[in-house]
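# An overview of the molecular structure
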Amino acid sequence: MREFMDYIQSAFYAATGWNRDSSYSSLNTTSDALLNFPTPRGLRLTLSSLATPQFATSYQLGTVGIVDGSISYLYSTVPLHNAIAQSEKIPLPDLLRSYRPLVELPYRSRGIDTGENRGLIKDVLAYGRLYLPASMLEALVVRRVSPALQFQLSAVSNQTLRNGGTMLGMVQYDEGRYAVEGLASSDGGLLGVRGLYNFGGDVGHLNTPAQLVISNGNGSGNGERERIYGRFSTGAELYYGTLNKSGGMSLGARFATLPTHNGTPLTATMTINPLMGNISWSYAVMAGSYCSLATKMDFNVYSYESDWVVGMELWRKRGAWSISQEMEQPATPEPGPASTAQERSFQAKMEWRLDDQLQISQDTTEILAAPPDTIALPERKKERSFQAKMDWRLDDPDVDLEAPRANDNDGEDEYSGVLKARLDQHLRVGLLWEGRIKSLLFSLGSSVDLRRLDSPFRTLGLEVQFSS
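Throughout this document, residue positions are counted from 1 along each chain, in the order its sequence is written. Predicted model: local features are reported for residues with pLDDT of at least 70 only, side-chain atom pairs are reported and counted for 80 or more only, and whole-chain, interface and lining totals are derived from all residues. With hydrogens and water excluded, all non-hydrogen atoms of the structure serve as input to the side-chain values.

## Notes on the overall build of the chain
When you go through the chain residue by residue, the secondary structure sums to 10 helices and 19 strands. Classification of the 468 residues of the chain by burial places 37% in the buried group. The accessible surface values rely on the Shrake-Rupley method and a 1.4 Å probe; as for residues, cover is taken only from the protein chains in view. For the chain, the exposed surface amounts to about 27,500 Å²; the carbon and sulfur share of it is 60%. Secondary structure counts use DSSP, requiring at least four H or I residues in a row for a helix and at least two E residues in a row for a strand, with both numbered from the N terminus. Each residue is assigned to one of three classes by its accessible area relative to the maximum for its type, calculated with a 1.4 Å probe on protein chains only: buried under 20%, partly exposed between the two thresholds, exposed over 50%.

## Let's talk about the nonpolar core
We call a set of buried residues a nonpolar core when its members are Ala, Val, Leu, Ile, Met, Phe, Trp, Tyr or Cys and they connect through side-chain atoms within 4.5 Å of each other. Residues Ile8, Phe12, Leu50, Leu74, Leu96, Leu125 and Trp315 are the most contacted members of the largest nonpolar core, which totals 29 residues. Of all elements in the fold, only helix 1 (4-16), helix 3 (92-96), strand 4 (124-132), strand 5 (136-146) and strand 16 (415-424) reach the threshold of two or more residues within this core. At 7 residues, helix 1 tops the list of elements feeding residues into this core. Contact criterion: two residues are considered in contact whenever any of their non-hydrogen atoms come within 4.5 Å of each other. Setting aside its immediate chain neighbours within four residues, leucine 125 contacts Gln9, Phe12, Leu74, Tyr75, Ser76, Leu140, Val141 and Val142. Listed in part, the 7 residues of the second largest apolar core include Leu34, Tyr99, Ala284 and Ala294.

## Notes on the packing of aromatic side chains
For any pair of aromatic rings, the description rests on two quantities: the centre-to-centre distance and the angle between the ring planes. Two aromatic rings, drawn from Phe, Tyr or Trp (for Trp, its six-membered ring), form a pair once their centres lie within 6.5 Å of each other, and the interplanar angle then sorts them: stacked below 30 degrees, edge-to-face above 60, tilted otherwise. Scanning the entire structure with this criterion turns up 11 aromatic pairs. Between phenylalanine 232 and phenylalanine 255, the aromatic rings sit 4.5 Å apart at their centres with planes inclined by 45 degrees, giving tilted as the arrangement. Of this pair, phenylalanine 232 sits in strand 10 (residues 230-241) while phenylalanine 255 sits in strand 11 (residues 246-257); the two residues are 23 residues apart in sequence, bridging distant segments of the chain. Judged by relative accessible area, phenylalanine 255 falls into the buried class, the value being 12%. For the ring pair tyrosine 290 and tyrosine 415, a centre distance of 5.6 Å and an interplane angle of 75 degrees mean the geometry is edge-to-face. Here tyrosine 290, found in the loop between strand 13 (278-288) and strand 14 (291-300), pairs with tyrosine 415, found in strand 16; they are 125 residues apart in sequence, far enough to count as distant. Residue class for tyrosine 290 comes out buried when judged on its relative accessible area of 6%.

## Notes on the pairing of strand 12 (residues 266-273)
Inspection of the sheet shows strand 11 paired to strand 12 by 6 bridges, in the antiparallel sense. Residue pairing for strand 12: arginine 254 is matched across the bridge by threonine 269. Paired strands, in this sense, are two strands between which DSSP finds at least two bridges. Across 8 bridges, the pairing between strand 12 and strand 13 is antiparallel. Opposite threonine 269, over in strand 13, you have serine 282 as the bridge partner. With antiparallel pairing between neighbouring strands as the criterion, strand 12 and strand 13 make up a hairpin whose turn holds 4 residues, including glycine 277 at a positive phi of roughly 70 degrees.

## What about a nonpolar patch on the surface?
Together, Leu45, Leu47, Phe55, Tyr59, Tyr73, Tyr75, Leu440 and Phe466 give the surface a local cluster of nonpolar side chains, amounting to about 710 Å² of exposed area. Secondary structure elements with two or more residues in the nonpolar patch: strand 1 (42-52), strand 2 (55-64) and strand 3 (66-76). With respect to the helices and strands, the residue leucine 45 is situated in strand 1. In this structure leucine 45 comes out as partly exposed when scored by relative accessible area, which is 40%. A patch is a set of surface residues, each over 30% in relative accessible area and not in a salt bridge, joined within 9 Å for like charges and within 5 Å for the nonpolar side chains Val, Leu, Ile, Met, Phe, Trp and Tyr. The term salt bridge refers to a pairing of a side-chain nitrogen on Lys or Arg with a carboxyl oxygen on Asp or Glu at a separation within 4 Å.

## Here we look at unusual backbone geometry
With an omega of 0 degrees, the peptide bond running from leucine 132 to proline 133 counts as cis. With respect to the helices and strands, the residue proline 133 is situated in the loop between strand 4 and strand 5. Phi is positive for lysine 438, close to 55 degrees, though the residue is something other than glycine. Residue placement: lysine 438 occurs in the loop between strand 17 (428-437) and strand 18 (440-449). A relative accessible area of 76% means that lysine 438 is categorised as exposed.

## Comments concerning helix 1
A helix is expected to span 1.5 Å for every residue after the first. Over its 13 residues, helix 1 extends 19 Å from the first C-alpha to the last, a length consistent with the 18 Å expected when each residue adds 1.5 Å. In terms of residue burial, helix 1 counts as a mostly covered element, since 10 of its 13 residues are buried. Considered for burial, the residues of helix 1 that qualify are Phe4, Met5, Tyr7, Ile8, Gln9, Ser10, Ala11, Phe12, Tyr13 and Thr16. Once helix 1 finishes, glycine 17 follows within two positions and takes phi at roughly 75 degrees, a positive value.

Quick look at the structure:
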C-alpha cells in the first residue's frame, strides 16, 4: 500500500506543478507497480495526520519477530489544500491504483515572460523519518527554484553503512519537451546524468496553448488521433563511480496513451543495458475500468537467460451486489386498468382451473375498450453494449444518470477494494487485497511458492492505516 507520506509528497508536487513522470527514472513506473508490488510481512499499524495544510506527521508500529516502528514529519511551505487526508475520504485509486496514465505536459511559454515564469520560486518541502530501535534516520529536502528547475537532497544515517551514512544530491530541469537530471552521491563518489525527450501527442501543442485547449482530446475529427493518441519518450542515463573506477549506462523508450485518448489506455516500454547485455520489455494495459494487466520479459544476450512475469489488478465496484439485485428485480408497473392482473378466485384455485370464461371475456373487453395510452405494454430489456460488459457497468441512460446522484457524497470514489496478483517463471505468486473498512485502510497479502507445496506460504502480513 502507498504510504501516507508519499501521498503527501505527491500532493506537494501537484500543488507546485512539477511532473514526476517526466523523468528517466519513472520510465517503468506503471509496469513496476503492477508486477513488483510489495506484499506485507507481519502486522503493521500506521497512524497519520495532516495537522495543518503545511505540516504532516506519521507514526508506524509493526512486528516481524521483533517490534519496530518509525516516526515521520513533513513540512511544506506550500499549503496542501488539494490533499484529502481523512482515510475515509481519500479516493482509493489515488492510494492503490497501479496503472496511472500520464498527465498532460504543463504549458511553459518562452521568450518575453514576466513574473510567474521568470521569477524565483521559494517552494520547499522538508521530510524526516526516524526508525526505531535501529536508530536509522532518513531526510529529504526539495527546493523549487523556478518552474523548470528543482533541487533535491536526500540523506540516510545508519551505523551499518560505510562512513556512517550516505548523501545524494540531484538537480532536475524539466522544460516539458525534455528533462535533464544530474546527480552526485557520496557512496562510491558516484556521478551521473540522465535525460528524457518527449515527442508526439501533446508535445506539439506546448508552444500553442490556445490550440491545445481547442484540440485537446480526440473529438477534433482527426481519424489518426481517434485511433491512437499518446506520447513517445526516449532517454538514457550515464553514471561513473570515481572511487571504484567503474561506470554504466542504459537506454530506454516508452509509449503511453494520454488521458484524452478515447481507446484503451496502454503503456509499452523497452530498456537496454548494453554493458551487461540485458534487454527488458514491458507492456501494461487497462482492459476495462476495473481491470489492468501487465507483462514483462527480460533477456540477456550474453547468457541467453530470460525471465518473465505477468500481473493484474482487479477492482471491485462499490455497491456492486446491490446493483445486481436491482437488475434482477422486475420493474413494478404503475397501477392502471391494464397493468392490474386479476387474481383467480379461491374456488378456482381449489379446483385447479381458471375462472369462468365469462369473467375472462369481460376482462378482455375492458382492456380492448381502454384508450391506447393506458395500456401498459411489457418493456423489452435492452442488452448492454460490448464496451459496457467489458467495463462491468450498465449503459442505460436512465440508470447512468441516477447513479451519480446517489453517490454525490462519495465523489469520484466508486471502488471498495482491489485485488492484485502476479506470477513469474519460477512459479512464485504474489497476492494482495487492499481496500477500506469504515475509516481504516487495509492491505492483506501473501507470497506463495508453488514449487514447495509442503510450505507454500513464504510471507503473510496485514497492514492497517488510519489518517485524519
